[in-house]
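Residues per chain, in single letters:
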Amino acid sequence: MAMYVPLGQGRYQATEHTQGPWDPRQQHMGPVTALLVHELDRLPGRFPGLPLARLAVDVFAPVPVAEVEVRAEVIRDGRRVQCLGASVTSGGRELVRATAWRIREAESPANGAAPPPAPVPPPAQADTESWIARGFGYGRATDWRFVKGSPDEAGPAVAWGRARVPLVDGAEITPLERLAMFADSGNGISGVLDFDAYLFANVDLAISLFRAPEGEWICLDAATTIGPRGRGLTRTTLFDQSGEVGTATQTLFVGPR
């Protein structure tokens, strides 16, 4: 079973594989972000050859594990750059809004300093006890391999991930959709507070890429900082198996459960 079953005209039925860690009735934002990319990629433009380079997602309210509708549009259609917009609604209410930039591909000189290589992925791990594996649908639908830290260890972490199930039924997941699915997990793998005692949910996600991702594995090098007044920030460096591809940031709402 995929994370989403298409119902036509931008409508999808979310399955249990989208469940998030805070409430089984609510989706993890990873699948939601990937679904936004799925619909944004389907938007035609007057000028081809403009891959997505930035995605900013604002979360107005939790997305239920239910039928959702994704609406996408071209805001600014240019030869060099395009601005796109998208939203996720359910039950007639807008829950998520996104803005994306496509930038044309062209030869450009490197800046001399090569980006860091990708961390070496570890072999398969028998992980059945961590909160990722046992606690919610998205965790069970993804395969995680930790290089640094662990799901139950507080502090910075480096981990590889890949999807165990399709994103959309009948469609092959793309590397960009896969990256979007995992980029939202930076705060989850690098949490510094007790998961059972505190809520540290992100209200946004901003992804910036200097090249397109490749392959089925995405690596997150993530660290979270919690401020003294109920806010936090997660910074994540994103890799594929060839090396660094970009960054992601998340602003966190922090409070007791």
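Residues numbered from 1 in each chain as written. Predicted model: local features only at pLDDT ≥ 70, side-chain atom pairs only at ≥ 80, totals over all residues. Heavy atoms only, no water.

Attention now moves to the pattern of salt bridges. Across all of its chains, the model carries 10 salt bridges by this definition. Glu39 serves as the salt-bridge partner of Arg42, at 3.5 Å between the closest nitrogen and oxygen. Ionic contacts of the salt-bridge type, sharing partners, join the residues Asp143, Arg145, Arg162, Arg164 and Glu216 into one network. (Salt bridge = Lys/Arg side-chain N within 4 Å of Asp/Glu carboxyl O.)

A separate point is the nonpolar core. A general feature of soluble globular proteins is that nonpolar side chains tend to end up buried together. One finds Leu55, Val96, Ile207 and Leu238 to be the most contacted residues of the largest nonpolar core, which totals 54 residues. Leave out the neighbours within four places in its chain, and Ile207 touches Ala53, Arg54, Leu55, Leu179, Ala180, Ala183, Leu238, Thr247 and Ala248. (Core = buried A, V, L, I, M, F, W, Y, C linked by side-chain atoms within 4.5 Å. Buried < 20%, exposed > 50% of the residue type's maximum accessible area, 1.4 Å probe, protein only. Contact = heavy atoms within 4.5 Å.)

Interaxial distance between helix α1 (residues 29-41) and helix α4 (residues 175-183) falls to 7 Å at its minimum, and their mutual angle equals 150°. Classed by the angle they form, the pair α1 and α4 counts as roughly antiparallel. At the point where α1 passes α4, the crossing takes the right-handed sense. Of α4, the residues touching α1 (which contributes Gly30, Pro31, Thr33, Ala34, Val37, His38 and Asp41) are Leu176, Glu177, Ala180 and Met181. When its residues are assigned to classes, the contact of α1 with α4 shows six nonpolar, three polar and two charged. (Axes fitted to C-alpha atoms, helices over the stretch in contact; angles between N-to-C directions. Helix = DSSP H or I, 4+ residues; strand = E, 2+ residues; numbered from the N terminus. Parallel < 35°, antiparallel > 145°, perpendicular 65-115°, else oblique. Left-handed = near helix turned anticlockwise from the far one by under 90°. Nonpolar A, V, L, I, M, F, W, Y, C, P; charged D, E, K, R; others polar.)

Turning our attention to the pairing of strand β13 (residues 243-256). Here five bridges tie strand β9 (residues 198-202) to β13, and the two strands are oriented antiparallel to one another. Note that in β13 the partner of Ala201 across the bridge is Phe253. As paired strands, strand β10 (residues 204-209) and β13 are joined by four bridges and run antiparallel to one another. By the bridge assignment, Ala206 is partnered in β13 with Thr249. Hairpin remark: strand β12 (residues 231-240) followed by β13, antiparallel, with two residues in the connecting loop. (Pairing = 2+ DSSP bridges.)

Let us look at the side chain of Arg102. Summarising the element assignment, Arg102 is placed in strand β6 (residues 93-103). Nearest to the buried, unbridged Arg102 among oppositely charged side chains is Asp41, at 4.8 Å. Polar contacts involving the side chain of Arg102 include one to the main-chain carbonyl oxygen of Leu43, which spans 3.2 Å. Ignoring sequence-local partners within four residues, the contact set of Arg102 consists of Leu40, Asp41, Leu43, Leu50, Pro51, Leu52, Ala53, Arg80, Val81, Gln82 and Leu84. (Lys, Arg positive; Asp, Glu negative; His and termini not counted. Polar contact = N/O pair within 3.5 Å; in protein donor to acceptor, adjacent residues only side chain to side chain.)

With 13 residues, α1 ought to run about 18 Å at 1.5 Å a step, and its terminal C-alpha atoms sit 18 Å apart, in line with that. Counted residue by residue, α1 has 12 buried out of 13 residues, so it is predominantly covered. Here α1 has its buried residues at Met29, Gly30, Pro31, Val32, Thr33, Ala34, Leu35, Leu36, Val37, His38, Glu39 and Leu40. (Expected span 1.5 Å × (residues − 1).)

What follows covers the pairing of β10. Alignment of strand β3 (residues 52-59) against β10, held across five bridges, turns out to be antiparallel. Counterpart to Asp58 in the pairing with β10 is Asp204.

The next thing to look at is the packing of aromatic side chains. Scanning the entire structure with this criterion turns up six aromatic pairs. Summarising the aromatic geometry, the rings of Phe136 and Tyr138 are spaced 6.3 Å apart at their centres and angled 15° between planes, so their arrangement reads as stacked. Ring centres 5.2 Å apart and planes at 75° place the aromatic pair Trp144 and Phe182 in the edge-to-face group. Within this pair, whereas Trp144 is found in strand β7 (residues 142-148), its partner Phe182 is found in helix α4, the two being separated by 38 residues in sequence. Take Trp144 and Phe182: they sit in the same class, and that class is buried. One aromatic cluster is present, formed by Phe136, Tyr138, Trp144, Phe146 and Phe182 through successive ring pairs. (Phe/Tyr/Trp six-rings, centres within 6.5 Å; stacked < 30°, edge-to-face > 60°.)

UniProt's entry tags residues 19-102 with the feature "domain: Acyl-CoA thioesterase-like N-terminal HotDog" (unreviewed entry), counted in the numbering of this structure. In residues 19-102, helix accounts for 15% and strand for 46%; the two terminal C-alpha atoms are 30 Å from one another. (UniProt positions renumbered as here; feature names shortened; annotations may be inferred.)

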